[in-house]
Amino acid sequence: FIQWSTSRFSKEELGGVLASNPLLNVFSIFECFSPLCAGGVIHLVKCAENLSDVPYSNNITLMSAQPEILNTLLSQNKMPKSVQT
């Protein structure tokens, strides 16, 4: 999974990955290890819905979240402009 993700996503996309899924979720493996293997940074948040309250949110380049959360961020214009993927 890590090998696939580091070959699928560019180093720029993996440069700042939002980690908001519970550690027992399969996506947490992607969020935690893929950016580290690509030389990127992990940005930890307790809840992705409050992303606009996080001071480093403009450094996030890739995020994986539930559709409801993405929809909320987009509809409220709170998606960081730095997010590429």
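Every value quoted in this text rests on a predicted model; they were computed, and no experiment measured them.

**Quick notes on the packing of aromatic side chains**
So, point 1. Using the criterion set out here, one finds four aromatic pairs in the structure.
So, point 2. Ring plane angle 85 degrees and centroid distance 6.0 Å describe the contact between Trp4 and Phe9, whose orientation is recorded as edge-to-face.
So, point 3. The exposure class of Phe9 is buried, given its relative accessible area of 14%.
So, point 4. Here the aromatic cluster, defined as three or more aromatic residues joined through ring pairs, consists of Phe1, Trp4, Phe9 and Phe30.
So, point 5. One residue, Arg8, lies across the ring of Phe9, its end atom 5.1 Å from the ring centre.

**Thoughts on the nonpolar core**
So, point 1. Counting residues in each nonpolar core, the largest one holds twelve residues, listed as Leu18, Val45, Ala48, Leu51, Val54, Ile60, Met63, Ala65, Ile69, Leu73, Met79 and Val83.
So, point 2. By size, the runner-up hydrophobic cluster in this structure holds six residues, among which are Phe9, Val17, Phe30 and Ala38.

**Some remarks on the side chain of Ser20**
So, point 1. Summarising the element assignment, Ser20 is placed in the loop between strand 1 (16–19) and helix 2 (26–37).
So, point 2. Look at Ser20 and you get buried, because its relative accessible area is 18%.
So, point 3. Among all residues touching Ser20, those that are not within four sequence positions of it are Glu31, Val45, Ala48 and Ser64.

**A word on the pairing of strand 2 (residues 41–44)**
So, point 1. Two elements, strand 1 and strand 2, share four bridges in a ladder whose sense is parallel. Residue Ala19 lies in a different strand from strand 2, and its bridge partner there is Leu44.
So, point 2. For the handedness criterion, the β-α-β arrangement of strand 1, helix 2 and strand 2 is classed as right-handed.

**Things to note about the side chain of Ser82**
So, point 1. With respect to the secondary-structure elements, Ser82 resides in the segment after helix 3 (67–75).
So, point 2. At a separation of 3.4 Å, a polar atom in the side chain of Ser82 contacts the main-chain carbonyl oxygen of Ser57.
So, point 3. From its side chain, Ser82 meets the backbone oxygen of Asn58 in a polar contact 3.0 Å long.
So, point 4. Not counting residues up to four positions away in its chain, the partners in contact with Ser82 are Ser57, Asn58, Asn59, Ile60 and Thr61.

The rules behind each value
- Residues numbered from 1 in each chain as written.
- Predicted model: local features only at pLDDT ≥ 70, side-chain atom pairs only at ≥ 80, totals over all residues.
- Heavy atoms only, no water.
- Phe/Tyr/Trp six-rings, centres within 6.5 Å; stacked < 30°, edge-to-face > 60°.
- Buried < 20%, exposed > 50% of the residue type's maximum accessible area, 1.4 Å probe, protein only.
- Lys NZ or Arg CZ within 6 Å of the ring centre and 35° of its normal.
- Core = buried A, V, L, I, M, F, W, Y, C linked by side-chain atoms within 4.5 Å.
- Helix = DSSP H or I, 4+ residues; strand = E, 2+ residues; numbered from the N terminus.
- Contact = heavy atoms within 4.5 Å.
- Pairing = 2+ DSSP bridges.
- Right-handed = clockwise from strand over helix to strand, strands pointing away.
- Polar contact = N/O pair within 3.5 Å; in protein donor to acceptor, adjacent residues only side chain to side chain.

Scope: geometric values only; no functional claims are made or implied.
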